[in-house]
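Below, each chain spelled out in residue letters.
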Amino acid sequence: MNTEARPFFGIARHRIGTDGKGITTLCTFHGCPLRCKYCLNPQGLDPNTNCDHLTPEELYQKVKIDELYFLATGGGVTFGGGEPLLNIPFLESFRALCGDAWHLSAETSLHVSEEAVRRAAGVLDYFIVDIKDTNADIYLRYTGKPNGIVLHNLEILLSLVGPERITVRVPKIPRFNTAKDIESSKQYLSQMGIVHFNFFDYIIRQPSGV
């Protein structure tokens, strides 16, 4: 079992209807491969963020206070960030501690290795994928990274867990994509096999720097 501590910048309890089914606790890892212009959690990138460095056992001890809520509602723990799939050994160890009764989810960009996706499919129950936009140019301008790996990993994830265990977020990003772009992304993803979508507008909370 992996016992290495990882940095978390937040643990939010009693969340309902935002991070998967039932009552959930959101645990946010520090660190992300992307540099999104309107990052929703910039503290996940800031090296000066005050983080708690926790082992899987220490996190388990912190969140199990809500186990009765998890079991009664079918909820559990959602890992966000940052990018949770950069921490696969931690997630595997946490699953071993909590067992199968808790529902474990991840909010992920899928901008990670294929190996990470394959291992995550074996330990997590649900995936909330923030796809940004399927247009390569829009994605590059917004995140600073190419999206080929993301679309490849989404295909891999679909083949491993099926469409019922995936929700794809397609945001309207001011100054980067349009309603037409969003519809194009939806068509592309639907043809891929995605059936659950979350469409919403980004609200700019800080200067874009563009």
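Look a little higher up for the structure.
The present account deals with the structure reproduced in this document. (Residues numbered from 1 in each chain as written. Predicted model: local features only at pLDDT ≥ 70, side-chain atom pairs only at ≥ 80, totals over all residues. Heavy atoms only, no water.)

1. Comments concerning the sheet that holds strand β1 (residues 6-16)
In step 1: Strand order in the open sheet made by the 8 strands is β3-β1-β2-β4-β5-β6-β7-β8, with mixed pairing throughout. Across the chains shown, the open sheet's two edge strands, defined by having one partner strand only, are β3 (52-54) and β8 (197-201). Averaged over all neighbouring strand pairs, the angle between strand axes comes to 30°, with direction disregarded.
In step 2: Examined bridge by bridge, strand β4 (residues 76-80) and strand β5 (residues 103-108) share 4 bridges and lie parallel to one another. When the bridges of β5 are listed, threonine 78 appears paired with serine 105. (Pairing = 2+ DSSP bridges. Helix = DSSP H or I, 4+ residues; strand = E, 2+ residues; numbered from the N terminus. Axes fitted to C-alpha atoms, helices over the stretch in contact; angles between N-to-C directions.)

2. With respect to the packing of aromatic side chains
In step 1: Here the structure, examined in full by the defined rule, presents 15 aromatic pairs.
In step 2: Here tyrosine 60 and phenylalanine 94 contribute two aromatic rings whose centre-to-centre distance is 6.3 Å and whose plane-to-plane angle is 75°, an arrangement assigned as edge-to-face. Here tyrosine 60 is found in helix α1 (residues 56-63), whereas its partner phenylalanine 94 is found in helix α3 (residues 88-98), with 34 residues between them in sequence.
In step 3: The exposure class of tyrosine 60 is buried, given its relative accessible area of 14%.
In step 4: Their ring planes at 55° and their centres at 6.1 Å tell us that phenylalanine 94 and tryptophan 102 sit as a pair that is tilted.
In step 5: Residue phenylalanine 94 is classed as buried on the basis of its relative accessible area, which comes to 0%.
In step 6: In this structure tryptophan 102 comes out as buried when scored by relative accessible area, which is 1%.
In step 7: An aromatic cluster of three or more residues is present, and its members are Phe8, Phe29, Tyr60, Phe70, Phe79, Phe90, Phe94 and Trp102. (Phe/Tyr/Trp six-rings, centres within 6.5 Å; stacked < 30°, edge-to-face > 60°. Buried < 20%, exposed > 50% of the residue type's maximum accessible area, 1.4 Å probe, protein only.)

3. As for the nonpolar core
In step 1: Membership of the largest hydrophobic core comes to 53 residues, with the highest contact counts inside it found for Phe79, Phe94 and Leu154.
In step 2: Per-element accounting of this core gives the leading share, 7 residues, to helix α6 (residues 148-161). (Core = buried A, V, L, I, M, F, W, Y, C linked by side-chain atoms within 4.5 Å.)

4. Here's the deal with α1
In step 1: Within the sequence span of α1, burial applies to Pro56, Leu59, Tyr60 and Val63. Along the long axis of α1, the arc covered by the buried residues comes to 100°, so they all point the same way.
In step 2: On the buried face of α1, the contacting elements are β1, β2 (23-29), β3, α2 (67-73), β4 and α3. (Arc of directions from axis to C-beta. Contact = heavy atoms within 4.5 Å.)

5. Re the pattern of salt bridges
In step 1: Across all of its chains, the model carries 10 salt bridges by this definition.
In step 2: Across the salt bridge formed by glutamate 4 and arginine 6, the nearest N and O atoms sit 3.9 Å from each other.
In step 3: On the basis of relative accessible area, glutamate 4 is assigned to the partly exposed category, the value being 45%.
In step 4: Classification of arginine 6 as partly exposed rests on a relative accessible area of 26%.
In step 5: Between glutamate 92 and arginine 119 there is a salt bridge, with the nearest N and O atoms lying 2.8 Å from each other. A residue pair is termed long-range when its members are at least 10 positions apart, and glutamate 92 in helix α3 and arginine 119 in helix α4 (residues 114-121) qualify at 27 residues. (Salt bridge = Lys/Arg side-chain N within 4 Å of Asp/Glu carboxyl O.)

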